[in-house]
Amino acid sequence: MPEEPSRFAAPGAGDLPWHWALLDSAGAPVEVSAEYADQRFASQGDAESWVGEIWAELAEQGVDAVTLHEVDRVVYGPMSLHA
């Protein structure tokens, strides 16, 4: 009898379509520590809450602005992390 596939597969990009582009002052991507890199979210609200909670840490790592994406579509941004 064939083995049944796992029902607990890791979520794919379709399940977590929301993500932030982390940008420097010239609009180029910024490399940040692993805990902030490549974060993906199930909803726009989850993504916005995340960046709202850690924007200061991102700024300390050289992020000047963020742009919100749903898969490949730009939702809004760039949005400055500076007052």
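Residues numbered from 1 in each chain as written. Predicted model: local features only at pLDDT ≥ 70, side-chain atom pairs only at ≥ 80, totals over all residues. Heavy atoms only, no water.

**Notes on the overall build of the protein**
Part 1 of the argument: In terms of regular secondary structure, the protein is built from 1 helix and 4 strands.
Part 2 of the argument: What you see in the protein, going N to C, is helices and strands ordered as β-β-α-β-β.
Part 3 of the argument: Every one of the 83 residues in the protein was classed for burial, and the buried ones make up 28%.
Part 4 of the argument: Within the protein, counting contacts between residues at least 6 apart in sequence, those at least 24 apart form 54% of the total.
Part 5 of the argument: Total accessible area on the protein stands at roughly 5,700 Å², and carbon and sulfur atoms take up 53% of it. (Helix = DSSP H or I, 4+ residues; strand = E, 2+ residues; numbered from the N terminus. Buried < 20%, exposed > 50% of the residue type's maximum accessible area, 1.4 Å probe, protein only. Contact = heavy atoms within 4.5 Å. Areas by Shrake-Rupley, 256 points an atom, 1.4 Å probe, with all protein chains shown as cover.)

**A closer look at the pattern of salt bridges**
Part 1 of the argument: Enumeration over the complete set of coordinates arrives at 1 salt bridge.
Part 2 of the argument: For Glu70, the salt bridge goes to Arg73, with nearest N and O atoms at 2.7 Å.
Part 3 of the argument: Looking at Glu70, the relative accessible area reads 26%, which means it is partly exposed. (Salt bridge = Lys/Arg side-chain N within 4 Å of Asp/Glu carboxyl O.)

**Some words on unusual backbone geometry**
What you tend to see is this: most non-glycine residues have negative phi, and most peptide bonds are trans.
Part 1 of the argument: Cis geometry is adopted by the peptide bond preceding Pro78, which originates at Gly77 and carries an omega value of 5°.
Part 2 of the argument: Note on placement: Pro78 falls in strand S4 (residues 73–80).
Part 3 of the argument: Although it is not a glycine, Asp38 adopts a positive phi angle of roughly 55°.
Part 4 of the argument: Along the chain, Asp38 turns up in the loop between strand S1 (18–23) and strand S2 (40–41).
Part 5 of the argument: One non-glycine residue with positive phi stands out, namely Val71, at about 55°.
Part 6 of the argument: Residue placement: Val71 occurs in the loop between strand S3 (65–70) and S4.

**Looking at the packing of aromatic side chains**
Part 1 of the argument: Counting across every chain of the model gives 2 aromatic pairs.
Part 2 of the argument: When the centroid spacing of 6.0 Å and the interplanar angle of 75° are considered together, the rings of Trp20 and Tyr76 count as edge-to-face. One end of the pair, Trp20, is in strand S1; the other, Tyr76, is in strand S4, with 56 residues separating them in the sequence.
Part 3 of the argument: With a relative accessible area of 9%, Trp20 lands in the buried category.
Part 4 of the argument: Overall, Tyr76 belongs to the partly exposed group, its relative accessible area being 28%.
Part 5 of the argument: Between Phe41 and Trp50 the ring centres are 5.4 Å apart and the planes differ by 45°, which places this aromatic pair in the tilted class. Both residues of the pair, Phe41 and Trp50, belong to the buried class. (Phe/Tyr/Trp six-rings, centres within 6.5 Å; stacked < 30°, edge-to-face > 60°.)

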